[in-house]
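# Breakdown of the fold
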Amino acid sequence: MHASARAGIPQQLRAVSCRTVSTTFGRDTAAADPAVPLAVVTVTFSPGRHLAGLADSLSRATERPTRLICADNGSTDGVPQTMAAEREDVDFLPTGGNIGYGAAINAAARHLSPAREAGEIDGEYFLIVNPDVEFSPGSLDALLTCAADHPRAGAVGPRIEELDGSAYPSAREVPTLLTGIGHAVLYPVWPGNPFSKAYRAGENLSDVRPAGWLSGSCLLVRWDAFDAIGGFDERYFMYFEDIDFGDRLSRAGWDNIFCPDSVIFHDQGHSAKKHSRVTVPAHHDSAYRFQADRHPHLWQAPVRAALWLGLKGRAALARVLG
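Only a predicted model underlies this, so the values are computations on that prediction, with no experimental measurement involved.

About the thresholds
- Residues numbered from 1 in each chain as written.
- Predicted model: local features only at pLDDT ≥ 70, side-chain atom pairs only at ≥ 80, totals over all residues.
- Heavy atoms only, no water.
- Core = buried A, V, L, I, M, F, W, Y, C linked by side-chain atoms within 4.5 Å.
- Buried < 20%, exposed > 50% of the residue type's maximum accessible area, 1.4 Å probe, protein only.
- Helix = DSSP H or I, 4+ residues; strand = E, 2+ residues; numbered from the N terminus.
- Contact = heavy atoms within 4.5 Å.
- Phe/Tyr/Trp six-rings, centres within 6.5 Å; stacked < 30°, edge-to-face > 60°.
- Lys NZ or Arg CZ within 6 Å of the ring centre and 35° of its normal.
- Salt bridge = Lys/Arg side-chain N within 4 Å of Asp/Glu carboxyl O.
- Pairing = 2+ DSSP bridges.

## Side note on the nonpolar core
- Grouped together as the largest cluster of nonpolar side chains are 32 residues, with contacts concentrated most on F126, I128, F226 and F245.
- Considering every element that reaches this core, the biggest residue donor is helix α5 (residues 101-117), with seven residues.
- Once residues lying within four places of it in the same chain are set aside, the contact partners of F226 are I105, N106, A109, F126, V221, G231, F232 and F245.
- Formed by 31 residues, the second largest nonpolar core is a distinct cluster that contains C70, V90, L143 and C146.

This is how it looks when you write it as structure tokens:
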């Protein structure tokens, strides 16, 4: 990860990375050549049967070749290792432990840097996707077309459907402190409260449109935009890293574009349910970090303190209620 993320991204959220990244890696040639593989990064942590579904669906999602990078955070089921050994289009990249979602993506980006410079992978875009996602036919090509139609798109996201056929609200507004608190406190007991409606505003899932942020379960990312903001903020172990990523893209002048012509299927939350002792506090810690970064001044200290206490209390209540 860039030094800016290791040190903590605040300072105006560091819209532009402190490191200057060369963009002379033959992008035009690679992007124009359909024979050049598109890099697909997935973060694995004992993904089980899901990983095969993802890999198999990629061949139906695009006419282009792909190169699937399993940035592995310590799988014990052997699935990513076995798949990489059996398939030439799959790489196994151990990250050294469970370092978090954003940090694993950054590690994969560093791993891919030599291939980018050599023109061995697409130098304009790469895909980030959860291992429990499957693509509908042509869906990745639809994302690529959408990105090409929007030159300032730093990230493009698809319509996400749950296993029961319902649509997941995958393109939302960035939460303010007020809407974030109201949504966090009231949504479990009053889903239709005005704060949650504001937080979920802009959930038009029928039209191509800009959004405040897009779900990190599937993002087509422009390499230039990723480099410009220093990738993902590694202080987020899990949760809110996609909200932070989308917000920082916007602050740096890039767009987050929702593309409903691309449809994917996501087995949402199966892993989180199995590891709730970790995921519940991680969610609340990330929520605090996101708002604290955006309210950094000394005079805002009471706000940060109240937010910290409220989120810790809500996390404790969530653990008690199961």
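## Remarks on the packing of aromatic side chains
- Going through the model one piece at a time under the given rule, you end up with seven aromatic pairs.
- Measuring from centroid to centroid gives 6.2 Å for F226 and F245, while their planes differ by 50°, and the two rings are tilted. Of this pair, F226 sits in helix α9 (residues 223-228) while F245 sits in helix α10 (residues 241-251), placing them 19 residues apart in sequence. An identical accessibility class is assigned to F226 and F245; each is buried.
- In this structure, R116 packs its charged tip against the face of W223, placed 3.9 Å from the ring centre.
- If you follow R152 out to its NZ or CZ, it ends over the ring of W254, 3.9 Å from the centre.

## Remarks on the pattern of salt bridges
- Overall, the coordinates contain 15 salt bridges when judged by the stated rule.
- Through salt bridges with shared partners, a single network forms among D244, D247, R248, R251 and R294.

## Thoughts on the pairing of strand β6 (residues 153-161)
- Of all nine residues that make up β6, eight are buried, and the element is covered over most of its length.
- Where β6 lies against strand β12 (residues 255-266), eight bridges are found, and the strand directions are parallel. Within the sheet, the bridge partner assigned to V156 lies in β12 and is I257.
- Looking at chain direction, β6 and strand β11 (residues 218-222) are connected through two bridges and run antiparallel. Directly across from A155, in β11, lies its bridge partner V221.
- As paired strands, β6 and strand β7 (residues 167-168) are joined by two bridges and run antiparallel to one another. In the sheet register, I160 faces β7, and the bridge partner there is Y168.
- Counting the residues that bridge the hairpin from β6 to β7 gives five residues, and of these G165 lies at a positive phi of roughly 95°.

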